[in-house]
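# Summary of the model geometry
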Amino acid sequence: MSNQIALINNCKKGNRQAQEELYRKYSRVLFGICLKYSRNKTEAEDSLHDSFMTIFSKIDQYKEKGSFEGWMKRITINTVLQKYRQEQIHADIPENLEEEETTEDLAYGSLDLNTLLSYIQELPNKYRITFNLYVLDGYSHKEIAEMLGTSLGTSKSNLSRARTILKEKIEADRPKIGLEK
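The following refers to the structure shown. In this text, all values refer to a predicted model and were calculated from it rather than measured experimentally.

### Details of the overall build of the protein chain
When you go through the protein chain residue by residue, the secondary structure sums to 8 helices and 0 strands. Written out in order from the N terminus, the α and β elements of the protein chain read α-α-α-α-α-α-α-α. Within the protein chain, buried positions represent 44% of all 181 residues. Contacts spanning at least 24 positions in sequence make up 70% of the contacts within the protein chain whose residues lie at least 6 apart. A total accessible area of about 10,200 Å² is found for the protein chain, and carbon and sulfur atoms account for 48% of it.

Below, the structure is given as structure tokens:
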């Protein structure tokens, strides 16, 4: 652990070698987060770059309380969400759609991770981001609404629509991906 503290302290001093080491150590994990929230690899790479720029510029704010990796993950998620908000793609959906809370009919567990990730990446931004935040990262609808600047109902509607789209993709591709009915 003291090696990590030394690495962080050297990054705080602007040491390029320490920054490179930090990048090598955590880029795979943070890239996975970026990829999960992005439409494609190029967009994920851009988000990873922007995330590290923010991490290096704000590293003085890390006070060695809590997980450093968790701190970096939070910055990465916020960086991706900030890009999403800047695009202003999300339009409110009528709030009268009911939330689909069950995932039993979705065969997530039967899919290999790469296939599921490719389906998720194909979702429109507002659905992909809401799905990832709720299902994969465990945020509540209230937290998602606050993060995205939408209403609680919109978060629930976006999740419901994302699940419907994913279910349709999985059903349509069952023979191709080797899933039995």
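### Considering the nonpolar core
The tendency in soluble globular proteins is for nonpolar side chains to be buried side by side. Counting residues in each nonpolar core, the largest one holds 32 residues, and the members touching the most others are L22, F68 and L133. Breaking this core down by element, the ones donating at least two residues are α1 (2-12), α2 (16-37), α3 (41-58), α4 (68-87), α6 (125-136) and α7 (141-148). Broken down by element, this core gets its largest block of residues, 9 residues, from α2.

### As for unusual backbone geometry
Even without glycine at this site, E64 takes up a positive phi of about 60°. Considering the arrangement of structural elements, one finds E64 in the loop between α3 and α4. A relative accessible area of 40% means that E64 is categorised as partly exposed.

### Brief notes about the layout of surface pockets
Take a probe with the size of a water molecule and roll it over the atoms, and the empty space left behind shows itself. Its volume calculated, the largest pocket comes out at about 160 Å³. Forming the walls of the largest pocket are K36, L113, N114, L116, L117, I120 and L136. Among the elements that take part in the lining of the largest pocket, helix α5 (residues 113-122) stands out by supplying 5 residues, more than any other.

### Notes on the packing of α6 against α7
Look at α6 against α7: their axes get within 10 Å of each other, and the N-to-C directions meet at 140°. Compared by their axis directions, α6 and α7 come out oblique. Handedness of the crossing formed by α6 with α7: right-handed. Note on element contacts: α7 touches α6 through H141, I144, M147 and L148, opposite I129, T130, L133 and Y134. Taken together, the residues that form the contact of α6 with α7 break down as 6 nonpolar, 2 polar and no charged.

### With respect to the pattern of salt bridges
Applying the stated criterion across every chain yields a total of 6 salt bridges. Here K36 ties to D137 by a salt bridge, and the two come within 2.7 Å at their closest N and O atoms. One end of the pair, K36, is in helix α2; the other, D137, is in the loop between α6 and α7, and 101 residues separate them in sequence.

### Considering the packing of aromatic side chains
Under the counting rule described, the total for this entry stands at 6 aromatic pairs. Where F52 meets F56, the ring centres are 5.7 Å apart and the plane angle is 40°; that geometry is what we call tilted. Residue F52 and its partner F56 are both found in helix α3; the two are separated by 4 residues, about one turn of the helix. Look at F68 and W71: their rings are 5.6 Å apart centre to centre, the planes differ by 20°, and that puts the pair in the stacked class.

### Things to note about α6
Between the first and last C-alpha of α6 there are 15 Å, a value that for 12 residues agrees with the 16 Å anticipated at 1.5 Å per step. Across the 12 residues that make up α6, a large majority, 9, are buried. The set of residues buried in α6 consists of N125, K126, Y127, R128, I129, T130, F131, N132 and L133.

### Brief notes about the side chain of S155
Note that S155 resides in helix α8 (residues 152-177). Discounting residues that sit within four places of it in the chain, S155 has contacts with T130, H141, I144, A145 and T150.

### Concerning the environment of S155
Its relative accessible area of 1% is what places S155 among the buried residues. Separated by 12 residues in sequence, S155 and E143 have C-alpha atoms that sit 9.4 Å apart.

The rules behind these values
Residues numbered from 1 in each chain as written. Predicted model: local features only at pLDDT ≥ 70, side-chain atom pairs only at ≥ 80, totals over all residues. Heavy atoms only, no water. Helix = DSSP H or I, 4+ residues; strand = E, 2+ residues; numbered from the N terminus. Buried < 20%, exposed > 50% of the residue type's maximum accessible area, 1.4 Å probe, protein only. Contact = heavy atoms within 4.5 Å. Areas by Shrake-Rupley, 256 points an atom, 1.4 Å probe, with all protein chains shown as cover. Core = buried A, V, L, I, M, F, W, Y, C linked by side-chain atoms within 4.5 Å. 1 Å grid on protein atoms, 1.4 Å probe; cavity = no way out; pocket = protein on both sides within 12 Å on 5 of 7 lines; lining within 4 Å. Points joined across faces, edges and corners; volume = space filled by probe spheres on them. Axes fitted to C-alpha atoms, helices over the stretch in contact; angles between N-to-C directions. Parallel < 35°, antiparallel > 145°, perpendicular 65-115°, else oblique. Left-handed = near helix turned anticlockwise from the far one by under 90°. Nonpolar A, V, L, I, M, F, W, Y, C, P; charged D, E, K, R; others polar. Salt bridge = Lys/Arg side-chain N within 4 Å of Asp/Glu carboxyl O. Phe/Tyr/Trp six-rings, centres within 6.5 Å; stacked < 30°, edge-to-face > 60°. Expected span 1.5 Å × (residues − 1).

Coordinates in, geometry out; function isn't part of it.
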